[in-house]
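Working through the structure, step by step
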Amino acid sequence: MSAFEPVYAIVRTIPPGRVMTYGQIAKGLERPLSPKAVGWAMSQCPDDVPWHRVVDAKGTCSRDRADPSGRQTQRRRLEREGVAFDAKGRLDLEALRFHPPRG
DNA sequence: CCATTGACGAAGA
DNA sequence: TTCTTCGCCAATG
């Protein structure tokens, strides 16, 4: 099993149509990591994690280097949940950012 | 152990 | 607003 389960646990709490950023997750952890570490964790997340609900701090989709198609997949999945993107391919973080309970 | 890479973030120009 | 630079933690060679 992965040592990043706390990261996956948080991502799994994000409801459909909502998003979180890598940095937000990183700081929200009981034992905080760097946003890069969270990105690495997500790169090998299990299949039951809604990875598409995690975007960068600018509200844009990620992964355009490893798998160019993945970026489209993420956007498609989010749009399917009702998330709207602007002309620059960004979403409204202030409105869509999910704030998980800390307990 | 050192250097490079990776689904990032904030600050400076 | 876009691009560059540095910092960050973990994995890989």
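Residues numbered from 1 in each chain as written. Chains lettered and ligands numbered in written order. Predicted model: local features only at pLDDT ≥ 70, side-chain atom pairs only at ≥ 80, totals over all residues. Heavy atoms only, no water.

Topic: the environment of Tyr22
Tracing the sequence through the fold places Tyr22 in helix α2 (residues 22–28). For Tyr22, a relative accessible area of 18% gives the class buried. When the C-alpha atoms of Tyr22 and Pro35 are compared, they prove to be 5.3 Å apart, with 13 residues separating the residues in sequence. (Helix = DSSP H or I, 4+ residues; strand = E, 2+ residues; numbered from the N terminus. Buried < 20%, exposed > 50% of the residue type's maximum accessible area, 1.4 Å probe, protein only.)

Some thoughts on the protein's contact with DNA strand C
In the vicinity of DNA strand C, the contacting residues are Phe4, Arg31, Leu33, Ser34, Lys36, Ala37 and Trp40. For DNA strand C, the backbone makes up 84% of the atoms found within 4 Å of the protein, where backbone means sugar plus phosphate. Contact distances for DNA strand C include 3.0 Å between a phosphate oxygen and a side-chain N or O atom of Arg31. One nitrogen or oxygen atom from the side chain of Ser34 is found 2.9 Å from a sugar or linking oxygen belonging to DNA strand C. Looking at side-chain class alone, the surface near DNA strand C contains four nonpolar, one polar and two charged residues. (Near = heavy atom within 4 Å. Polar contact = N/O pair within 3.5 Å; in protein donor to acceptor, adjacent residues only side chain to side chain. Nonpolar A, V, L, I, M, F, W, Y, C, P; charged D, E, K, R; others polar.)

Some details on the environment of Thr60
Tracing the backbone shows Thr60 in the loop between β2 (54–55) and α4 (68–80). According to the relative accessible area criterion, Thr60 is buried, its value standing at 16%. In sequence terms Thr60 and Phe85 are 25 residues apart; their C-alpha atoms lie 8.8 Å from each other. Leaving out residues up to four positions away in the same chain, Thr60 has contacts with Val55, Gly89 and Arg90. At 2.5 Å, the side chain of Thr60 forms a polar contact with the side chain of Asp56. (Contact = heavy atoms within 4.5 Å.)

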